[in-house]
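Each chain, letter by letter, is given below.
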Amino acid sequence: MSRFKAVIFDLDGVITDTAHYHYLAWKRLAESQGVHFDHAFNENLKGIDRLGSLDLILASSKRAYTREEKLALADEKNLHYQELIATMSAADLLPGAVRALDTVRARGLRIGLASVSKNAFTVLGRLGITDKFDYVVDAATIARGKPDPEIFLKAARELGVAPEDCLGVEDAVAGVASIKSAGMFALGIGHPFVLTQADVVITSLSDFNLESY
Ligand code: G6P
Ligand code: MG
């Protein structure tokens, strides 16, 4: 028996490792603007939405950008990213992801997806797991990205479950902060010394054990 009524998953870094594709697409864009970009910097972008990520990257540029220029650069990055994810398949599912989703379903809990990625529907389709979710938040309808609780609260509301009855699953610091300010239990995927706000941290969904949270 689980004390929760719903589990709300993040996508990137939890169910599939798209972080590498975001890295490649941002690196190409950053270097076109003469901005250095590496893996360490990419870590700061996990869970941060597209324009927020671009602002962080351009903060180290020598020149100023207008709103229109920023929107054009964000579109350019997204085109690189879409080229990269076009070949994704079920082989890109992280270990334990399908088993975790199926366990939650078998226990009769509701399942939601709370990703700020506007490409989430495409990625779920490529992975072949769209129908495993009762509700997927459309990132285009979210005004404030993580760490704001808006996206997790919207998922809970649409699933018809109170926030305190939800388990949120996240790999990013900003994402864990979003879950906690939504008043949910936070399961972190990664390292406890990074995800310090999480209630429990596991290395990957291979270690997911619903009954123990
Ligand atoms: C996720 C990723 C971020 C990405 C964001 C927006 O949160 O962790 O790295 O920037 O989604 O993704 P999008 O596909 O809309 O550009
Ligand atoms: Mg993530």
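Since we're looking at a predicted model, the values are computed, not measured.

When helices and strands are counted, the chain shows 8 helices and 6 strands. Going from N to C terminus, the chain has its helices and strands arranged as β-α-α-α-α-α-β-α-β-α-β-α-β-β. Here the C-alpha radius of gyration of the chain, 17 Å, is about what a compact globule of 213 residues would show, namely 17 Å. Each of the three principal axes of the chain carries a C-alpha extent, and together these read 55 × 35 × 30 Å. Residue burial in the chain is summarised as follows: out of 213 residues, 49% are buried. Contacts spanning at least 24 positions in sequence make up 62% of the contacts within the chain whose residues lie at least 6 apart.

Moving on to the packing of helix H1 (residues 19–32) against helix H3 (residues 50–58). Interhelical geometry of H1 versus H3 gives an angle of 45 degrees and a closest axis separation of 11 Å. Judged by the inter-axis angle, H1 sits oblique to H3. The way H1 lies across H3 gives a crossing that is right-handed. Facing H1, whose interface residues are Trp26, Leu29 and Ala30, H3 presents Arg50, Ser53, Leu54 and Ile57.

Moving on, we get to the UniProt feature "binding site: Mg(2+)" (unreviewed entry) in the chain. The feature "binding site: Mg(2+)" (unreviewed entry), as annotated in UniProt, sits at Asp10, Asp12, Glu170 and Asp171 in this numbering. These annotated residues cover 162 residues of sequence, and their C-alpha atoms lie no more than 8.8 Å from one another, placing them together at a single site. The annotated residues that sit in the lining of the largest cavity are Asp10, Asp12, Glu170 and Asp171. A residue is classified by how much of its surface remains accessible, and Asp10, at 5% relative accessible area, is buried. At a separation of 3.2 Å, a polar atom in the side chain of Asp10 contacts the side chain of Lys146.

The rules we used
For every chain, the first residue of its written sequence is number 1, and the numbers climb from 1 along that sequence. A letter from A marks each chain and a number from 1 marks each ligand, given out in the order of writing. In keeping with the model being predicted, local features are shown solely for residues with a pLDDT of at least 70 and side-chain atom pairs are shown and tallied solely at 80 or more, while totals for entire chains, interfaces and linings include all residues. Hydrogens and water molecules were not included; the side-chain quantities draw on all heavy atoms of the structure. Secondary structure is summarised from DSSP: a helix means a run of H or I of at least four residues, a strand means a run of E of at least two, and numbering begins at the N terminus for each. The globule rule used for comparison is 2.2 Å times the number of residues to the exponent 0.38, while the radius of gyration itself is calculated over C-alpha atoms. Only protein chains enter the accessibility calculation, which uses a 1.4 Å probe. A residue is then buried if its area is under 20% of the maximum for its type, exposed if over 50%, and partly exposed in between. Note on contacts: a residue pair is in contact if any heavy atoms of the two residues lie within 4.5 Å. Fitted lines through C-alpha atoms serve as axes, helices being fitted only where they are in contact, and the angles separating the N-to-C directions of these axes extend from 0 to 180 degrees. Relative orientations are named as follows: roughly parallel for angles under 35 degrees, roughly antiparallel for angles over 145 degrees, roughly perpendicular for angles from 65 to 115 degrees, and oblique for any other angle. When the near helix sits turned anticlockwise from the far one by under a right angle, the crossing is termed left-handed; a clockwise turn instead gives a right-handed crossing. UniProt positions are given in the numbering used here, feature names are shortened, and annotations may be inferred rather than shown by experiment. Computed over the protein atoms alone on a 1 Å grid, cavities are sets of points where a 1.4 Å probe fits but cannot get out and pockets are open sets with protein on both sides within 12 Å along at least five of seven lines; a residue lines them when it has an atom within 4 Å of a point. Whenever two N or O atoms come within 3.5 Å, that pair is a polar contact, provided that in protein one can donate a hydrogen and the other can accept it, and provided that, for residues adjacent in sequence, both atoms are side-chain atoms.

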